[in-house]
Amino acid sequence: DDALMLIGKSYFYQENYVGAVQKFSEILDQQTDLRDEAQFWLARSLMTSGAYNEALEVLTLAMATEGADAQWIAQDRLLLAELAIRQEQWENAAGHLEAGLASVKDKELAARASFLLGQVHETLGNYERAYTAYADVPSYRAPYELEYAAEYSAVRIDGLYLNPERALRDGRRLERDDKNLVKTAELRYLRARILYVAGEADEAVLTFDELLYDPLSLPPGASIGELRGRIHYALAELYRDVDRDFLMAAAHFDTAAA
């Protein structure tokens, strides 16, 4: 059964889902101690291949199996959440993610699930719950890129929908963190957007202008890169909605389009 498990996983990562399903099914036929793991991988293979109904049946059976390991049930619930997301069943996805997070022990898996929960709640417009889910990710000691993405998302949600003052403070903290130096431009862009929402349009324009026209203000290794178009678009909105300067707005919209 160990050999079959390795073969099945190899097929899965080679995107040979028919072969993977066959191997995981063979393990289940043997009724070994790898039953719970095989059910998870069988459901994952079916889901990834687009066989959603079959994957749902396997997961439902796995969670109803007497004596099933709690950790595999937790991972089954997270897989059910992914299945619900693929079908745009956002409420179901949130429920499964929350249930899985309550018992999963793998820290990195929990961090990814919490981030995904934030995205689901954001899609539903539940901004308080989205903020909480994003803010929880660092507590799981996530890898840097995931932790940064979660902290950035928490500041973005907070600044645009909940508490701009707190978001500006937390955003400044991220900017001061040395490990985020290459992210400085992105963080300043977010700060400018929050300043605009907070009614500080002049400060927002100054920050956008600094990003566009004063590259030396950024630390070594940081650049605005693909942000340039988004900055011009944001400036266009400011000139249109705040200053009613439609000529400047048109110029920035044109540059953003280019």
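Residues numbered from 1 in each chain as written. Predicted model: local features only at pLDDT ≥ 70, side-chain atom pairs only at ≥ 80, totals over all residues. Heavy atoms only, no water.

A. Up close: the side chain of N180. Residue position: N180 is located in the loop between helix 10 (164–176) and helix 11 (184–197). With a relative accessible area of 1%, N180 lands in the buried category. If near-sequence neighbours (up to four positions away) are discounted, N180 is found in contact with Y144, Y148, L174 and L187. (Helix = DSSP H or I, 4+ residues; strand = E, 2+ residues; numbered from the N terminus. Buried < 20%, exposed > 50% of the residue type's maximum accessible area, 1.4 Å probe, protein only. Contact = heavy atoms within 4.5 Å.)

B. Summary view of the packing of helix 10 against helix 11. Closest axis-to-axis distance for the helix 10/helix 11 pair is 10 Å, and the angle between their directions is 165°. Classed by the angle they form, the pair helix 10 and helix 11 counts as roughly antiparallel. The chirality of how helix 10 crosses helix 11 is left-handed. Of the residues in helix 11, those in contact with P164, A167, L168, R172, L174 and E175 of helix 10 are L187, R188, R191, I194 and L195. In terms of residue class, the contact of helix 10 with helix 11 is built from seven nonpolar, no polar and four charged. (Axes fitted to C-alpha atoms, helices over the stretch in contact; angles between N-to-C directions. Parallel < 35°, antiparallel > 145°, perpendicular 65-115°, else oblique. Left-handed = near helix turned anticlockwise from the far one by under 90°. Nonpolar A, V, L, I, M, F, W, Y, C, P; charged D, E, K, R; others polar.)

C. Examining the packing of aromatic side chains more closely. Inspection of the entire model under this criterion finds 13 aromatic pairs. When the ring of F40 is compared with that of W72, the centres are 5.5 Å apart and the planes differ by 50°; the resulting orientation is tilted. With a gap of 32 residues between them, F40 in helix 3 (residues 35–48) and W72 in helix 5 (residues 70–86) connect regions that are remote in the sequence. Overall, F40 belongs to the buried group, its relative accessible area being 8%. Aromatic rings pair up to connect F12, Y13, Y17, F24, F40, W41 and W72 into one cluster. (Phe/Tyr/Trp six-rings, centres within 6.5 Å; stacked < 30°, edge-to-face > 60°.)

D. Representation of unusual backbone geometry in the model. One non-glycine residue, Q31, adopts positive backbone phi at about 55°. Among the structural elements, Q31 can be located in the loop between helix 2 (17–30) and helix 3. With a phi angle near 55°, R244 is a residue other than glycine that sits in the positive phi range. Take R244: it is sitting in the loop between helix 13 (227–243) and helix 14 (246–257).

Just geometry here; none of it tells us what the structure is for.
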